[in-house]
Amino acid sequence: MGSVKAELLRLWKWPATWVLIGVWLVMTLTFGYVFNYLALNGGTNTRSMSQQQLISAMQPENVGAAVVRGLPMFGGAIILVLAALAVGSGYGWGTWKTTLTAGPRRVSAMAGTLGALGIVVVLLVALTFVVNLGASITVASLEGWDWSLPGLGVFKALGASLLIAAMWTGFGVFLGVVTKGPALAVGLGLMWAIVTENLLRGVGSLLGPVESLTKVLPGGSAGNLAGAVGGSGAPGVLTDLSGTTAALFLLGYVVVFVGAATFLKVRRDLV
């Protein structure tokens, strides 16, 4: 717990944490409500959604879908960057060397970082839910729609959001440990999350085995879980796998990424 508190204090006072959270909240409001609201009231509808689809996407009862739909790609990329920076920056600053030399056991130090990142990710998902709920209620009130608060099904969407966020967090931690620095870890992570998997999906339309593979890759699994809980209409959201299958793949990725990062931290980083 001491390691978790120390890492949480570092992340809490680190400007990058709040910058990335702020960027994500602005993005989810802009793409989820501002653009849709403008399209509904005579603006350009760049997403080719019908009027009923635009209204449904902004209704408070559908806020769970609004939270989860952005995480497979852009939200996941931001979470990955945060995790990669949190772990990788310790190598550049020399704090990992100090910690591993004079601090707690390596497993404890790594557990502290993972625990603190987990708390930040839960906070991020919670803030996303609150901000989206506030925006949806505001829009519904301005337009005079009949609306209601989300039902118990929202917990399913929030659970899926947490699992997707956990996978991207583990991926970022893994890259930060493997590369032993923030810059390369962030670059590789962004290239994978935003570019590589999308290119593979394009190639997969021509090559059957590649198409099957893309469904179970990290971003593909996240997109399929988001699609299974109703988060349609956003980049990266898929409907090729069942929610259970996608969730199992995501759990597997979390175990592999966190386990591999911890193993490298314990066995490779001696000082």
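All values derive from a computational prediction rather than experimental measurement. (Residues numbered from 1 in each chain as written. Predicted model: local features only at pLDDT ≥ 70, side-chain atom pairs only at ≥ 80, totals over all residues. Heavy atoms only, no water.)

Chemist: It is not clear to me how the overall build of the chain should be interpreted in this structure. Could you clarify?
Modeler: Within the chain one finds twelve helices and zero strands. Seen in sequence order, the chain has helices and strands lined up from the N terminus as α-α-α-α-α-α-α-α-α-α-α-α. Against the compact-globule benchmark of 18 Å for 271 residues, the chain has a radius of gyration of 19 Å, which places it among compact chains. Each principal axis of the C-alpha atoms in the chain carries an extent, and together these give about 60 × 45 × 30 Å. Residues counted as buried form 46% of the 271 residues belonging to the chain. Within the chain, counting contacts between residues at least 6 apart in sequence, those at least 24 apart form 77% of the total. A total of about 12,600 Å² of accessible surface is found on the chain, and carbon and sulfur atoms cover 70% of it. Looking at the chain, you have 15 positive and 8 negative side-chain charges, and the mean spots of the two groups are 19 Å apart. (Helix = DSSP H or I, 4+ residues; strand = E, 2+ residues; numbered from the N terminus. Rg over C-alpha atoms; globule rule 2.2 N^0.38 Å. Buried < 20%, exposed > 50% of the residue type's maximum accessible area, 1.4 Å probe, protein only. Contact = heavy atoms within 4.5 Å. Areas by Shrake-Rupley, 256 points an atom, 1.4 Å probe, with all protein chains shown as cover. Lys, Arg positive; Asp, Glu negative; His and termini not counted. Charge placed at Lys NZ, Arg CZ, Asp CG, Glu CD.)

Chemist: Honestly, the nonpolar core in this entry has me stumped. Any pointers?
Modeler: Here is a general trend for soluble globular proteins: nonpolar side chains tend to be buried in one another's company. Grouped together as the largest cluster of nonpolar side chains are 72 residues, with contacts concentrated most on Ile164, Met167, Trp168, Val173 and Leu225. Among the elements that make up this core, the one with the highest residue count is helix 7 (residues 106–143) (13 residues). Look past the residues within four positions of Ile164 in its chain and what remains in contact with it is Val68, Leu71, Pro72, Ala222, Leu225, Ala226 and Leu250. (Core = buried A, V, L, I, M, F, W, Y, C linked by side-chain atoms within 4.5 Å.)

Chemist: Hey, could you run me through empty space enclosed by the protein in this one?
Modeler: Once rolled over the atoms, a probe with the size of a water molecule shows which space is left empty. The final tally for this structure, using the stated rule, is two cavities of 30 Å³ or more. Estimated volume of the largest cavity: approximately 50 Å³. The wall of the largest cavity is formed by Pro72, Met73, Trp168, Trp192, Ala193, Glu197, Asn198, Arg201, Gly219 and Gly236. Elements with a contribution of two residues or more to the lining of the largest cavity: helix 5 (71–93) and helix 9 (182–204). With five residues, helix 9 is the largest single contributor of residues to the lining of the largest cavity. Elements with a contribution of two residues or more to the lining of the second largest cavity: helix 2 (15–40) and helix 5. Ranked by residue count, the leading element in the lining of the second largest cavity is helix 5, at three residues. (1 Å grid on protein atoms, 1.4 Å probe; cavity = no way out; pocket = protein on both sides within 12 Å on 5 of 7 lines; lining within 4 Å. Points joined across faces, edges and corners; volume = space filled by probe spheres on them.)

Chemist: Mind showing me how you'd approach the UniProt feature "transmembrane region" (unreviewed entry) in the chain here?
Modeler: Per the UniProt record, the feature "transmembrane region" (unreviewed entry) sits at residues 12–35, 73–93, 114–137, 184–203 and 246–264. Secondary structure across residues 12–35 comprises 96% helix and 0% strand; the distance between its end C-alpha atoms is 31 Å. Taken end to end, residues 73–93 is 100% helix and 0% strand, and its two terminal C-alpha atoms sit 29 Å from one another. (UniProt positions renumbered as here; feature names shortened; annotations may be inferred.)

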